[in-house]
Amino acid sequence: MNLLLQELPASELAPKAVQETPAPGKDPLIAQGLQKEQYIGIIGLAIALIAAVGFFSRRVEYAIAFALFLSVILIALFLFI
């Protein structure tokens, strides 16, 4: 008896109707309109981190600032190419 050639009985648990997916942009789990505040908070944390490190070592502060500046330049370059 070959099991691969046998038909499987229809399951009673199979869905009877197709579920509709929600419309894009209406997802209740995504916070809408908070991007500006998040960017301001991230930039504020970055400035505070650089200031805190700069309090202990100027060389490390300059290295972090240069790395951030170079990262922004490279990200912009790769996005627009």
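In the block above lies the structure referred to throughout.
From a predicted model like this one, the values you see are computed outputs, not experimental measurements. Residue numbering note: each chain is counted from 1, following its sequence as written. Reporting of local features is limited, given that this is a predicted model, to residues whose pLDDT is at least 70; pairs of side-chain atoms are given and counted only at 80 or more, and all residues count toward the totals for whole chains, interfaces and linings. Note that water and hydrogens are dropped before the side-chain values are worked out from all heavy atoms of the structure.

A.B. asks: Outline a nonpolar patch on the surface, supporting the account with residue identities and numerical values.
C.D. replies: Residues enter a patch when their relative accessible area is above 30% and they make no salt bridge; the linking distance is 9 Å between like charges and 5 Å between nonpolar side chains (Val, Leu, Ile, Met, Phe, Trp, Tyr). Per-residue accessibility takes into account occlusion by the displayed protein chains alone, with areas from the Shrake-Rupley method and a 1.4 Å probe. When a carboxyl oxygen of Asp or Glu is within 4 Å of a side-chain nitrogen of Lys or Arg, the pair counts as a salt bridge. Together, Phe66, Leu70, Leu74, Leu77, Phe78 and Ile81 make up a nonpolar patch on the protein surface, roughly 660 Å² of accessible area in all. Runs of H or I in DSSP of at least four residues are treated as helices and runs of E of at least two as strands, each being numbered from the N terminus. Along the chain, leucine 74 turns up in helix H2 (residues 58-80).

A.B. asks: Before we move on, could you go through the packing of aromatic side chains and cite the residues and values that matter?
C.D. replies: Only Phe, Tyr and Trp rings take part, Trp by its six-membered ring, and two of them pair if their centres are within 6.5 Å. Stacked means planes under 30 degrees apart, edge-to-face means over 60, and tilted covers everything else. Enumeration according to the criterion identifies one aromatic pair in this entry. With a centroid separation of 5.3 Å and 80 degrees between ring planes, the pair formed by phenylalanine 55 and phenylalanine 56 is classed as edge-to-face. Grouping residues by exposure puts phenylalanine 55 and phenylalanine 56 together as exposed. Between buried and exposed lies partly exposed: a residue is buried under 20% and exposed over 50% of the maximum accessible area for its type, with that area taken using a 1.4 Å probe on protein chains only.

A.B. asks: Tell me about the environment of glutamate 61, residues and numbers included.
C.D. replies: Along the polypeptide, glutamate 61 turns up in helix H2. Linking glutamate 61 and leucine 49, residues 12 residues apart in sequence, is a C-alpha distance of 9.1 Å.

A.B. asks: Hey, could you go over the packing of helix H1 (residues 35-56) against H2 for me, with residue numbers and the actual values?
C.D. replies: Here an axis means a line fitted to C-alpha atoms, over the contact stretch when the element is a helix, while the angle between two N-to-C directions is reported on a 0 to 180 degree scale. Look at H1 against H2: their axes get within 6 Å of each other, and the N-to-C directions meet at 150 degrees. What the angle tells us is that H1 and H2 run roughly antiparallel. In this structure, H1 uses Ile50, Val53, Gly54 and Phe56 to contact H2, whose residues at the interface are Arg58, Val60, Glu61, Ile64 and Leu68. When residues are sorted by character, Ala, Val, Leu, Ile, Met, Phe, Trp, Tyr, Cys and Pro go into the nonpolar class, Asp, Glu, Lys and Arg into the charged class, and all the rest, Gly among them, into the polar class. Here the contact of H1 with H2 is composed, by residue class, of six nonpolar, one polar and two charged. Roughly parallel covers angles under 35 degrees, roughly antiparallel covers those over 145, roughly perpendicular covers 65 to 115, and oblique covers all other angles. Here a residue-residue contact requires only that any non-hydrogen atoms of the pair lie within 4.5 Å.

A.B. asks: Break down H2 for me, with residues and values.
C.D. replies: Multiplying 1.5 Å by the helix residue count minus one yields the expected span of that helix. Counted at 1.5 Å a residue, the expected span for H2 with its 23 residues is 33 Å, and the 33 Å between its end C-alpha atoms agrees. For this analysis, a polar contact is any N or O atom pair within 3.5 Å, provided that within protein one partner can donate a hydrogen and the other can accept it, and provided that sequence-adjacent residues contribute only side-chain to side-chain pairs. Capping of H2 at its N-terminal end is provided by serine 57; its side-chain oxygen lies 3.4 Å from the backbone amide nitrogen of valine 60.

A.B. asks: Please give an account of the side chain of glutamate 61 that cites residues and values.
C.D. replies: By relative accessible area, glutamate 61 is classed as buried at 15%. Within the structure, glutamate 61 has its side chain in polar contact with the side chain of arginine 58 (distance 2.6 Å). The residues contacting glutamate 61, other than those within four sequence positions of it, are Ile50, Val53 and Gly54.

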